[in-house]
Amino acid sequence: MTRGCVFQVSWAFQVSTNQEGLIVAALERGDLQDNVTAYAVQISGEPRLVLVPFINTSEPLLFNVSFHGLCYTVGLLVKLGQKPLPVRAAYISDYREAPETGVVFDIDPPIRTVFSRVNISYTEGLERRSMLYKDFYKGKTVFKHWLPGVCYRNITFQLISEATALQTALTSHSDVSHRPLHHRTVPFPPLNVSHRVLTLSRRAVAGGREAAARQEDVVFEEEEPTPRVSFNTTQNVTDSVAVGNGSRAEEEAEPQSYWLDPTEISPADRDEEFVNAVVSEYEDSNEPGSAMAVPAEVPVLPTRLPPVLLELRWLPPRPPTSYDGFNVYIYRDGNSTEMATVDENTHEFFTELTEPGTYRVQVTTLSSSGDCEARESSADTGFTFYLSPSGELLEELRERPQGVSVRLLDSSTAAVSWAPSAQNHNGSLVSVLSTTCLKPSLSQRMENTYCSEENSTSDIISNLTPGAQYRVVVYHTNGPLTSPPSEPVIIDIEPTGVRELAVYPLGPTAVVLSWQRPYHVAFRKYILQTFFFNPVTLASEWTTYYEIAATASVIATVRVTDLLPAWYYNFRVSMVTWGDPPLTCCDSSMVSFVTAPEAPHISSVDYSQGVLAVRWTYGELFIDLSHSRMLHWQVEAVGKKGPQRGYSVDVTRNAMRASLPLPPGDIYNLTVTACTERSRNTSVPNIIKLEPAPPRLLLAVNATHSSVTLLWSEDGVVDYYQVLCRPNWASKELKAGEPITSTAQVLTVSGLVPSSSYNCSVTSFSYSSASRPARITVTTAAFIVKVLSRCWCVCVCVNCSAETFVNFASFERDGKLPYNWRRSLFAFLTLLPSCLWTDYLLAFYINPWSKTALKKRKLTSPVQLDDFEAYFKDMSKDSAYKFSLQFEELKSVGLDLTHDAADLPVNRPKNRYTNILPCESGPSLNPVPDPDRVLLNSDS
């Protein structure tokens, strides 16, 4: 026997075993609690725990044990808590994609209620069905497995909460508190609806009416139409005429003449044929003589349409559709003129048409049995035709135009073409609509045509706007009937692009772009793109810099910043349309520009030995100019007083230093300019002042016993010179004279002691700055007679004035006088006797004893030595113009000497000047065996 070990935990629980060895657990009234929603028994003792729920708390639970001799522990498990709250509301609607078999369930679950599935219960026919659904998203789900035309009743929704305890599923169902719903699915439409329109004679019409009156399967609606369910409840039933079914013989009756048969009964004797007669209005007149017979006006009857019979036939809807009949609708000119309902076994319908117009005929499947609302099929199974007043029938065009294409003739005109149609039609319509007209705001709208759909019978579309997008649809027409529309053709017209694109520089890193747009164009925005070499990526590509929304303004400008200085750029402005996809135009609207360079910065200036060394920096510290459009640097120094005011030198772009020879003693405005092919940018001016240089080549000439003449050359800019002669030894008799100021380069110092040595210095002054003095030691002469060895006569110093004696030996330097002195002193020599200047002539290689040497020379008038300084200043005016005239007189010097070696072809390239040639009397240095290489041109 199995022993039952009972453990009471919370309350007493009765467990026992019966004679068959089964464990019997029962719930007493005290075991039931209000807050407990489920009870279960947990049995342990076997290898696995067993959980058995109570299906009915009023009946005991039996459990068959698997082993004997074991101690089983039986416990009571209860599920505390509340069951899910019921659904507050529910809705059912058709599934739009397939309303015949699909529905949409929409439930409103209670707040803060957790559920895993929904139990949907409904009645289909006589059976009650249910299904579990868990795919509810935001309270909605789609069910696609119902039958078409079937009425589903008492549809309820019950929330289910599920849990698993000890490998056992526990479920809890909510109550049903919402109103049960009813829903009927939409039936399938009838199949193969066909029609035929026959023109009948009046006799055939009368016979057809009698036969139709004997039909019992068609309900005639002449006075009160039968209540029905229509797709569009706003349609007005304006009139109803008798409908009937004719026999097969009447359907196949041949059309007869519209003229009345002479043997027929007169229409006046046949009341049933008197239709649409105009009843004359009775007038009760009180005027005298009103009883007299007044001839009544003959009424004018409208021309009646020849009798036309409409035949309809169809097949039942495809199974498994539940339906009860069919509804036949006939609309004329948009108004419902006839409606009839036939049973499910009737598949044909006949009616007579008496009015011209456009007819629309539709046959639908009707499902109305059950408690649900009656529904009709929603698929379009109708057809349309046009009946003219003359009886001509124009069928509906069901084939849409094919092969529609649009070809642009220009930016505002297009031509439309299409393939021939297999159906007969008498015309075509071209419908044009702009898809971009209404996209911009009204104030920025640039289109004014085809903003609404416009139809035309012409195949040429005009007044198009460049940049717009149009939808073109073609219809075939058959009288007032139109075919289905063709596939729409989208045409995009490229915008014309911008014009007069110009660049205005604002600096090295900024420019202003300006352009104009055509007046007649439609677009969405401008796109400004730049093309340049990127020194970071080492690549050149088009990048979008800015996008500007289109406005009604014709002129647009934009400022472009953050450009690289001295860099080559391409700017392009494109128009982007409103179309989908948008078009971009045009790449030809482009302009190139080289930005201005930055201004360099002069970093250091050093002047040494007549050369100015300049260094500068540019831009960033380590800027790379290898891809820049910088051409060169121009270093320029502009003096204030010098004879040559400006000095400049060009330097390659990679070198940022230059050497510039400058005369000393002047104030210069130094600048460095960065040059490109289009622009320049100059640094901040650097003002430098150069100290004057000491006089060069200081010479003492014409030293007498009491005076000496000092000559020196000028180097740079000098305002004046200061000359001072001091004795070489101190003596009471020899005293230093006062400094002498001179603006010329020659000065005679007088008042000296004969046979004395003096230290003379010459100092240059420029802008109140003194140079280092140039010094020379001179010695005055004694009272002696000096004989010139090369004179024709011997001159004694007593016979020659002391003021006019010139010691030519002191002029010589390396055996020759300097050229500038030769030219300046040549006129001075005419003041002296010929015995004194023969040595000077010989210094110029002039033979004074030649017969032609002095004849060809025209000397100037003599000048006293005391007047020489004033004479020299006068001759130096106007860039030494008078000296140049005297120089012209020297052209004949040396013509009597030979210069064959200089004329040799091998020596011509060695001559610096073509009109100054060396003569054979010159010395030959380092002679070589080749006589053609002996020439040494020292004409410079």
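Residues numbered from 1 in each chain as written. Predicted model: local features only at pLDDT ≥ 70, side-chain atom pairs only at ≥ 80, totals over all residues. Heavy atoms only, no water.

- With an unreviewed UniProt entry as reference, the chain is termed Protein tyrosine phosphatase receptor type O, source organism Xiphophorus couchianus.

**Description of the overall build of the chain**
Now for step 1: When you go through the chain residue by residue, the secondary structure sums to 6 helices and 56 strands.
Now for step 2: Looking at the chain as a whole, 39% of its 940 residues qualify as buried.
Now for step 3: Here the analysis covers contacts within the chain between residues at least 6 apart in sequence; of these, 65% occur between residues at least 24 apart.
Now for step 4: When the accessible surface of the chain is summed, it comes to about 54,100 Å², and 52% of that surface belongs to carbon and sulfur atoms. (Helix = DSSP H or I, 4+ residues; strand = E, 2+ residues; numbered from the N terminus. Buried < 20%, exposed > 50% of the residue type's maximum accessible area, 1.4 Å probe, protein only. Contact = heavy atoms within 4.5 Å. Areas by Shrake-Rupley, 256 points an atom, 1.4 Å probe, with all protein chains shown as cover.)

**Quick look at unusual backbone geometry**
Now for step 1: Backbone torsion omega between D580 and P581 reads 0°, so that peptide bond is classified as cis.
Now for step 2: Inspection of the secondary structure puts P581 in the loop between β38 (568–576) and β39 (584–585).
Now for step 3: Following C585, the chain continues to C586 via a peptide bond in cis, the omega torsion being 5°.
Now for step 4: Considering the arrangement of structural elements, one finds C586 in the loop between β39 and β40 (590–594).
Now for step 5: Phi at R112 takes a positive value of approximately 60°, unusual for a residue other than glycine.
Now for step 6: Looking at where R112 falls in the secondary structure, it is placed in the loop between β9 (103–108) and β10 (117–124).
Now for step 7: Non-glycine residue L697 carries a positive phi angle of around 55°.
Now for step 8: Counting through the fold element by element, L697 comes out in strand β49 (residues 696–701).
Now for step 9: You can call L697 partly exposed: its relative accessible area is 37%.

**A few points about the pattern of salt bridges**
Now for step 1: Following the criterion strictly, the structure yields 15 salt bridges and no others.
Now for step 2: Between R375 and D94 there is a salt bridge, with the nearest N and O atoms lying 2.5 Å from each other. In this pair, R375 sits in strand β22 (residues 375–376) while D94 sits in strand β8 (residues 89–94), placing the two residues 281 residues apart along the sequence.
Now for step 3: Since its relative accessible area comes to 19%, R375 is described here as buried.
Now for step 4: A salt bridge links E396 to R398; the nearest nitrogen and oxygen atoms lie 3.6 Å apart. (Salt bridge = Lys/Arg side-chain N within 4 Å of Asp/Glu carboxyl O.)

**A short note on the sheet that holds strand β33 (residues 499–507)**
Now for step 1: Taken together, the 3 strands give an open sheet; going across it, the order is β33-β34-β37, and neighbouring strands pair in antiparallel fashion. What marks the edges here is a single partner per strand, and that holds for β33 and β37 (555–560). In this sheet, neighbouring strand axes are inclined to one another by 15° on average, regardless of whether the strands run parallel or antiparallel.
Now for step 2: The pairing of β33 with strand β34 (residues 510–516) spans 6 bridges and is classified as antiparallel. (Pairing = 2+ DSSP bridges. Axes fitted to C-alpha atoms, helices over the stretch in contact; angles between N-to-C directions.)

**Looking at the sheet that holds strand β12 (residues 140–143)**
Now for step 1: Pairing is antiparallel across the open sheet formed by 3 strands, whose spatial order is β8-β9-β12. In this open sheet, the two edge strands, each paired with only one partner strand, are β8 and β12. Going from strand to strand, the sheet's axes swing by 20° on average, the running direction of each strand aside.
Now for step 2: Strand direction decides the pairing type here: β8 and β9, joined by 6 bridges, are antiparallel. The residue of β9 that forms the bridge with D94 is V103.

**Section: the nonpolar core**
Now for step 1: If you look at the biggest cluster of nonpolar residues, it comprises 26 residues, and the most contacted ones within it are V511, L513, W515, Y526, V560 and F571.
Now for step 2: Secondary-structure elements contributing two or more residues to this core are β33, β34, β35 (525–534), β37, β38 and β40.
Now for step 3: Element by element, the count of residues in this core is highest for β38, at 4 residues.
Now for step 4: M630, L660, A674 and L690 belong to the second-largest nonpolar core, a separate cluster that totals 22 residues. (Core = buried A, V, L, I, M, F, W, Y, C linked by side-chain atoms within 4.5 Å.)

**Things to note about the side chain of S713**
Now for step 1: Mapped onto the elements, S713 comes out in strand β50 (residues 707–713).
Now for step 2: At 2.7 Å, the side chain of S713 forms a polar contact with the backbone oxygen of R696.
Now for step 3: Setting aside residues no more than four positions away along its own chain, S713 makes contact with P695, R696, L697 and Q745. (Polar contact = N/O pair within 3.5 Å; in protein donor to acceptor, adjacent residues only side chain to side chain.)

**Here's the deal with the state of the cysteines**
By definition, a disulfide links two cysteine residues through a covalent bond between their sulfur atoms.
Now for step 1: As enumerated under the stated definition, the model contains 4 disulfides in all.
Now for step 2: Each disulfide pairs two cysteine sulfurs, and for C151 the partner residue is C372, the sulfurs being separated by 1.8 Å. On the S-S bond that ties C151 to C372, the torsion sits near 80°, and the link is right-handed. Of this pair, C151 sits in strand β13 (residues 151–165) while C372 sits in the loop between β21 (357–367) and β22; the two residues are 221 residues apart in sequence, bridging distant segments of the chain. Each of the two residues, C151 as well as C372, counts as buried.
Now for step 3: Shown here is the disulfide that connects C725 with C760, its sulfur atoms set 2.1 Å apart. Linking C725 and C760, the disulfide has an S-S dihedral of approximately 110° and is accordingly described as right-handed. On the criterion of sequence distance, the pair formed by C725 in strand β51 (residues 720–727) and C760 in strand β54 (residues 757–766) is long-range, its members being 35 residues apart.
Now for step 4: By relative accessible area, C760 is classed as buried at 0%. (Disulfide = S-S within 2.5 Å.)

**Brief notes about a nonpolar patch on the surface**
Now for step 1: The grouping of Y519, V554 and I555 at the surface amounts to a nonpolar patch, some 330 Å² of accessible area in total.
Now for step 2: With respect to the secondary-structure elements, Y519 resides in the loop between β34 and β35. (Patch = residues over 30% accessible without salt bridge, like charges linked within 9 Å, V, L, I, M, F, W, Y side chains within 5 Å.)

**Here we look at the pairing of strand β26 (residues 413–417)**
Now for step 1: For β26, the buried fraction is high: 4 of the 5 residues fall into the buried class.
Now for step 2: Where strand β25 (residues 405–410) lies against β26, 5 bridges are found, and the strand directions are antiparallel. Its bridge partner lying in β26, L408 is registered against A414.
Now for step 3: In this antiparallel pair of consecutive strands, β25 and β26, the connection spans 2 residues.
Now for step 4: Pairing geometry for β26 and strand β29 (residues 460–461), over 2 bridges, is antiparallel. Paired with A415 across the bridge in β29 is I460.

**Quick look at the environment of S377**
Now for step 1: Tracing the sequence through the fold places S377 in the loop between β22 and β23 (383–387).
Now for step 2: Here the alpha-carbon distance between S377 and E100, two residues 277 residues apart in the chain, equals 8.3 Å.

**Points about the packing of aromatic side chains**
Now for step 1: Under the counting rule described, the total for this entry stands at 26 aromatic pairs.
Now for step 2: Between Y122 and W146 the ring centres are 5.4 Å apart and the planes differ by 70°, which places this aromatic pair in the edge-to-face class. One end of the pair, Y122, is in strand β10; the other, W146, is in the loop between β12 and β13, and 24 residues separate them in sequence.
Now for step 3: Consider the rings of Y618 and W633, whose centres lie 5.3 Å apart with planes at 70°: the pair is edge-to-face. (Phe/Tyr/Trp six-rings, centres within 6.5 Å; stacked < 30°, edge-to-face > 60°.)

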